[in-house]
Amino acid sequence: MNSKFDIVIIGGGNAGFGVSAVVSEAGKSIAFIEERDFGGTCPNRGCTPKKVLVAAAHSLHEIELAHTHGIDVGKPKLNWEKLIDRKDDMIGFIPDAMKGVAEKRGSVFRGHARFTGPNTVEVDGTLIEGENIVIATGSKPRPLNIPGAGLMITSDEVLSEKQQPDEVVFVGGGVIAMEFSHVYARAGTKVTILEAMPQLLPRMDEDAVAAIRAETERLGVTIKTDVNVREISTSGGRLKVAYSHDGGDHQVIADRVVNGAGRVANVDTLNLDAANISHDGVRIEVDEHLRSVSNPSVWVAGDALVNSAQLSPLATYEGRLVAHNIIHGPEKTPDYEATPSAVYTVPALSTVGLTEKQATEMGLDVAVTTNDMTGWFSGKSYSETVAWSKVLVDRKTDRVVSAHLVGHHGEDLIHLFSLAMKHAIPASDLKDTPMAFPTFASDVKNLF
Ligand SMILES: Cc1cc2nc3c(=O)[nH]c(=O)nc-3n(C[C@H](O)[C@H](O)[C@H](O)COP(=O)(O)OP(=O)(O)OC[C@H]3O[C@@H](n4cnc5c(N)ncnc54)[C@H](O)[C@@H]3O)c2cc1C
Ligand SMILES: NC(=O)c1ccc[n+]([C@@H]2O[C@H](COP(=O)([O-])OP(=O)(O)OC[C@H]3O[C@@H](n4cnc5c(N)ncnc54)[C@H](O)[C@@H]3O)[C@@H](O)[C@H]2O)c1
């Protein structure tokens with residue numbers, strides 16, 4: 001097999017496939033290296049399987065609300081094993097299908113890649129040379145320096161273990177903890193979230209987080225912020241989490257403790273020094289074109305890049321951008337300003353743009369409008385338990401600065417705000433655009 005290629009891609013996830021789509025179209029030769037499942041985290045261990053569990057939580061939520069529509073139903077019982085089987089059935093074909101795509105685009109190598117020189121990597125004894133090499137190796141759970149940290153499971157096990165735990169503790173109150181808490185709590189698992197920072201989801205708008213926190217507590221989830229998790233140990237066949245909070249020492253017993261403390265770039269085993277790639281062990285230093293500052297043959301995209309949010313559409317976007325820059329020269333720089341995202345609690349917290357605090361710190365003159373839509377016709381029809389919005393509009397430019405939505409189909413509505421921001425559609429034009437009625441989208445004009 002030819003071991004010299006135009007482009008070597010390390011990692012077959014969203015970022016790697018983003019690169020391969022563009023460079024294969026341009027007729028370049030590709031070595032595509034993957035050590036685990038083609039498709040990577042999002043379709044195999046992330047977004048897609050997670051959404052199957054979230055869909056079950058939606059169903060349980062609807063059943064909870066059925067009585068408001070005059071429908072009598074008994075207490076539902078989720079069969080966790082069947083849910084995991086359903087998830088496995090839905091995604092099982094993905095690695096082979098994606099491997100097939102990879103094979104159409106280039107030469108596939110299976111195994112762990114590590115650099116041996118500025119333009120070479122080694123995979124299981126095979127040396128592969130690339131004019132350009134793209135690091136698209138994704139992320140992995142943050143290793144925690146807590147005694148007993150090895151007793152924790154990760155989102156991988158949450159998505160694959162067939163036995164539903166009675167009690168779960170999440171160390172960290174970020175996206176993973178919030179999404180799985182809503183599934184577990186509705187399925188009857190007792191959940192505790194221990195977050196180190198004063199706020200759950202620390203990067204998100206504090207009022208939006210307060211709204212989803214209240215809904216999460218309504219489900220019975222125990223949430224502690226400003227917590228120092230001190231130790232995890234075994235206790236009578238179960239797990240004990242010792243933590244400090246509010247000046248006191250506490251403990252909670254659970255069947256499973258989940259690492260929900262963030263994910264770090266997966267680059268520490270790549271032997272970066274052999275390729276003269278400037279890094280600090282986690283962060284590879286790149287320029288505005290996502291190219292290594294010390295080795296111009298090396299590029300970084302997706303979760304392996306520390307500069308941007310760990311989101312699958314961004315991984316694909318960065319991969320495609322890197323491919324463009326390899327083919328046409330370093331022309332493009334990423335623009336993250338109007339990136340929408342959602343936390344798939346039930347209902348979701350959806351957001352695009354700055355938090356109110358960030359806008360204030362930047363000295364922007366913004367009109368801030370918040371709404372509780374539970375009393376609106378749309379919110380009432382669907383008996384929404386939480387329906388909340390905050391929209392920021394720049395008073396001088398009439399441009400949407402950000403939107404934060406909890407419930408009210410925000411995970412879809414957020415894209416209207418994102419499009420308006422990206423394509424500089426004035427906020428007043430967005431307000432004046434007729435939308436099908438009665439829909440949640442038709443409420444957009446009343447949100448700001
Ligand atoms: C539980 C969970 C839920 C998520 N939900 C969402 C969501 O709803 N929406 C969203 O936008 N994002 C979500 N994400 C984030 C999303 O999955 C990532 O942002 C995305 O998968 C990153 O793509 P990537 O290509 O950078 O990395 P990955 O998809 O992780 O791909 C990297 C690949 O590189 C391979 N690899 C690593 N090192 C080597 C090596 N040395 N040699 C060979 N191969 C190697 C790995 O095996 C892996 O397949 C979620 C993540 C998790 C964990
Ligand atoms: N819907 C989505 O788009 C989605 C879903 C799941 C995951 N993801 C991505 O995956 C990444 C990882 O998710 P995550 O939830 O693990 O990370 P996160 O960054 O969202 O949250 C991690 C949380 O853990 C806290 N923390 C860190 N160390 C701690 C400690 N020792 N004790 C207690 N708390 C601690 C942090 O303050 C933070 O709030 C996210 O960055 C996210 O972008 C996205």
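To be clear, the structure that these remarks concern was listed above.
Read on for a plain summary of the structure.

Definitions and cut-offs
Residues numbered from 1 in each chain as written. Chains lettered and ligands numbered in written order. Predicted model: local features only at pLDDT ≥ 70, side-chain atom pairs only at ≥ 80, totals over all residues. Heavy atoms only, no water. Helix = DSSP H or I, 4+ residues; strand = E, 2+ residues; numbered from the N terminus. Rg over C-alpha atoms; globule rule 2.2 N^0.38 Å. Areas by Shrake-Rupley, 256 points an atom, 1.4 Å probe, with all protein chains shown as cover. Lys, Arg positive; Asp, Glu negative; His and termini not counted. Charge placed at Lys NZ, Arg CZ, Asp CG, Glu CD. Core = buried A, V, L, I, M, F, W, Y, C linked by side-chain atoms within 4.5 Å. Buried < 20%, exposed > 50% of the residue type's maximum accessible area, 1.4 Å probe, protein only. Contact = heavy atoms within 4.5 Å. Near = heavy atom within 4 Å. Polar contact = N/O pair within 3.5 Å; in protein donor to acceptor, adjacent residues only side chain to side chain. Nonpolar A, V, L, I, M, F, W, Y, C, P; charged D, E, K, R; others polar. Pairing = 2+ DSSP bridges. Axes fitted to C-alpha atoms, helices over the stretch in contact; angles between N-to-C directions.

**Concerning the overall build of the protein chain**
Assigned secondary structure in the protein chain consists of 13 helices and 21 strands. A globule of 448 residues ought to have a C-alpha radius of gyration of about 22 Å, and the protein chain, at 23 Å, matches this closely. As displayed, the protein chain has an accessible area near 20300 Å², and 50% of this comes from carbon and sulfur atoms. Charged side chains of the protein chain number 43 positive and 58 negative; the gap between the two group centres comes to 3 Å.

**Focus on the nonpolar core**
Judged by nonpolar contacts, the single largest core of 47 residues is most densely connected at V8, I10, I33, F115, I128 and I135. Apart from the residues within four sequence positions on either side, I135 is in contact with I10, F115, V267, L270, L272, I277, I284, V298, W299, V300, A301 and A304. Within the second largest apolar cluster, 41 residues are counted, among which are I84, Y184, L200 and W388.

**Concerning the site of ligand 2**
In the vicinity of ligand 2, 23 residues are found, and the nearest of them are I176, E179, E195, Q310 and A342. Separating a nitrogen atom of ligand 2 from a side-chain N or O atom of E179 is a distance of 2.8 Å. Within the backbone of A196, a nitrogen or oxygen atom sits 3.2 Å from a nitrogen atom of ligand 2. Relative to its unbound accessible area of 840 Å², ligand 2 is 81% covered by the protein chains. Considered class by class, the residues forming the shell around ligand 2 number 12 nonpolar, six polar and five charged.

**Observations regarding the sheet that holds strand β13 (residues 248–254)**
Think of a sheet as strands paired side by side through backbone hydrogen bonds, with each pair either parallel or antiparallel. Overall, antiparallel pairing links the three strands, which are arranged β11-β12-β13 in an open sheet. In the strand order of this sheet, the two ends are held by β11 (228–235) and β13, each with one partner. Direction aside, the axes of adjacent strands within the sheet are offset by 20 degrees on average. Bridge count between β11 and strand β12 (residues 238–245): seven bridges; the pairing is antiparallel. Note on β12: the bridge partner recorded for S235 is R238.

**Some thoughts on the sheet that holds strand β20 (residues 388–394)**
Spatially, the five strands line up as an open sheet ordered β17-β18-β21-β20-β19, and their pairing is antiparallel. Both edges of this open sheet fall to β17 (341–343) and β19 (366–372), since each of them pairs with a single strand only. Averaged over all neighbouring strand pairs, the angle between strand axes comes to 10 degrees, with direction disregarded. Across the face of the sheet, helix α12 (residues 410–422) comes into contact with β17, β18 (349–353), β20 and β21 (400–406) while running at roughly 180 degrees to β21.

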